[in-house]
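Breakdown of the fold
Below are the chains, spelled out letter by letter.
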Amino acid sequence: MSGDQVTDRPSWHEYFMGITNLVAQRATCTRRKVGAVLVKDKRILCSGYNGAPADITHCRITGCLREQLNVPSGEKHELCRGVHAEQNAIIQAAYHGIPVAGSALYCTNQPCSICAKMIINAGITTVYFQEGYDDLMTVQMFGESGVELIKLDF
């Protein structure tokens with residue numbers, strides 16, 4: 001029996017999003033656990049989750065700067081000690097010399113506009129996500145740049 005005829009296996013989207021959700025469990029952010037996985041030709045290139053940079057004390061210990069300053073979700077992204085999951089996936093790929101142009105990004109959440117800019121400039125062509133994020137600029141920039149933004153419902 002060929003692999004295409006097996007029906008008890010997860011689809012590729014279910015498989016990669018399942019891994020993305022597992023990656024999110026490593027997040028050290030106290031507000032939201034986000035995971036991201038870069039995929040090309042049905043192969044995982046790199047992953048990332050949100051949290052403080054390497055060798056920096058986690059927000060779970062220091063407390064959330066955004067909560068301390070009463071910063072609403074979706075505003076003033078620079079007022080955060082954490083690196084977003086999408087950013088970490090792209091950074092890890094660059095760190096290890098892995099080209100990501102032409103890849104797809106699986107995310108637990110729709111990327112913010114800062115991550116959208118990085119995704120566009122990295123040459124990522126498609127973003128699959130599970131949960132929305134209130135950032136209209138992301139939708140506008142992806143539409144203008146040709147990056148596909150696809151919500152997966154399982």
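Residues numbered from 1 in each chain as written. Predicted model: local features only at pLDDT ≥ 70, side-chain atom pairs only at ≥ 80, totals over all residues. Heavy atoms only, no water.

1. Some details on the overall build of the protein
Helix and strand content of the protein: six helices and five strands. Across the protein, helices and strands are ordered from the amino to the carboxyl terminus as α-β-β-α-α-α-β-α-β-α-β. Over its C-alpha trace the protein gives a radius of gyration of 16 Å, about what one expects of a compact globule, namely 15 Å for 154 residues. Oriented by its inertia axes, the alpha-carbon framework of the protein measures out at about 60 × 35 × 30 Å. Considering the protein as a whole, with its 154 residues, one finds that 38% of them fall into the buried category. (Helix = DSSP H or I, 4+ residues; strand = E, 2+ residues; numbered from the N terminus. Rg over C-alpha atoms; globule rule 2.2 N^0.38 Å. Buried < 20%, exposed > 50% of the residue type's maximum accessible area, 1.4 Å probe, protein only.)

2. Some points on the pattern of salt bridges
Overall, the coordinates contain one salt bridge when judged by the stated rule. Across the salt bridge formed by Lys-151 and Asp-153, the nearest N and O atoms sit 2.8 Å from each other. Relative accessible area serves as the criterion here: at 61%, Asp-153 is assigned to the exposed category. (Salt bridge = Lys/Arg side-chain N within 4 Å of Asp/Glu carboxyl O.)

3. Some thoughts on helix α1 (residues 12–24)
The end-to-end C-alpha separation of α1 is 18 Å, in line with the 18 Å expected for 13 residues at 1.5 Å each. Next to the buried residues of α1 lie β1 (35–40), β2 (43–49), β3 (104–109) and β4 (126–131). (Expected span 1.5 Å × (residues − 1). Contact = heavy atoms within 4.5 Å.)

4. Looking at the packing of helix α5 (residues 113–122) against helix α6 (residues 136–145)
Interhelical geometry of α5 versus α6 gives an angle of 15 degrees and a closest axis separation of 8 Å. On the basis of the axis angle, α5 is roughly parallel to α6. Handedness of the α5/α6 crossing: right-handed. On α6, the residues touching Ser-113, Ala-116, Lys-117, Ile-119 and Ile-120 of α5 are Met-137, Thr-138, Met-141, Phe-142 and Ser-145. (Axes fitted to C-alpha atoms, helices over the stretch in contact; angles between N-to-C directions. Parallel < 35°, antiparallel > 145°, perpendicular 65-115°, else oblique. Left-handed = near helix turned anticlockwise from the far one by under 90°.)

5. With respect to the nonpolar core
Counting 22 residues, the largest nonpolar core has Leu-38, Leu-105, Ile-119, Ile-124 and Val-127 as the members making the most contacts within it. Among the elements of the structure, β1, α4 (85–95), β3, α5 and β4 are those that each provide at least two residues to this core. Filtering out sequence-adjacent residues up to four positions away, Ile-124 remains in contact with Leu-38, Ile-90, Val-100, Ser-103, Ala-104, Leu-105, Ile-119 and Val-147. (Core = buried A, V, L, I, M, F, W, Y, C linked by side-chain atoms within 4.5 Å.)

6. Some details on the layout of surface pockets
Its volume calculated, the largest pocket comes out at about 430 Å³. Those elements giving two or more residues to the lining of the largest pocket turn out to be α3 (65–68) and α4. Looking at the lining of the largest pocket, its residues break down into 13 nonpolar, 10 polar and five charged. Put simply, the second largest pocket is a space of about 290 Å³. Lining the second largest pocket are 16 residues, with Tyr-49, Ala-52, Pro-53, Ala-54 and Asn-88 sitting closest to its centre. Contributing elements (two or more residues each) for the lining of the second largest pocket: β2 and α4. (1 Å grid on protein atoms, 1.4 Å probe; cavity = no way out; pocket = protein on both sides within 12 Å on 5 of 7 lines; lining within 4 Å. Points joined across faces, edges and corners; volume = space filled by probe spheres on them. Nonpolar A, V, L, I, M, F, W, Y, C, P; charged D, E, K, R; others polar.)

7. Considerations on a nonpolar patch on the surface
A cluster of nonpolar residues, Trp-12, Tyr-15 and Ile-44, forms a patch on the protein surface that exposes about 290 Å² of accessible area. If you trace the backbone, Ile-44 turns up in strand β2. Judged by relative accessible area, which is 40%, Ile-44 ranks as partly exposed. (Patch = residues over 30% accessible without salt bridge, like charges linked within 9 Å, V, L, I, M, F, W, Y side chains within 5 Å. Areas by Shrake-Rupley, 256 points an atom, 1.4 Å probe, with all protein chains shown as cover.)

8. A short note on the packing of α4 against α5
In contact at an axis separation of 9 Å, α4 and α5 are set at 30 degrees when each is read in the N-to-C sense. With respect to α5, the element α4 is oriented roughly parallel. In this structure, the crossing between α4 and α5 has a hand that is left-handed. Residues Glu-86, Gln-87 and Ile-90 of α4 form the contact with α5, whose own contacting residues are Ile-114, Cys-115, Met-118, Ile-119 and Ala-122.

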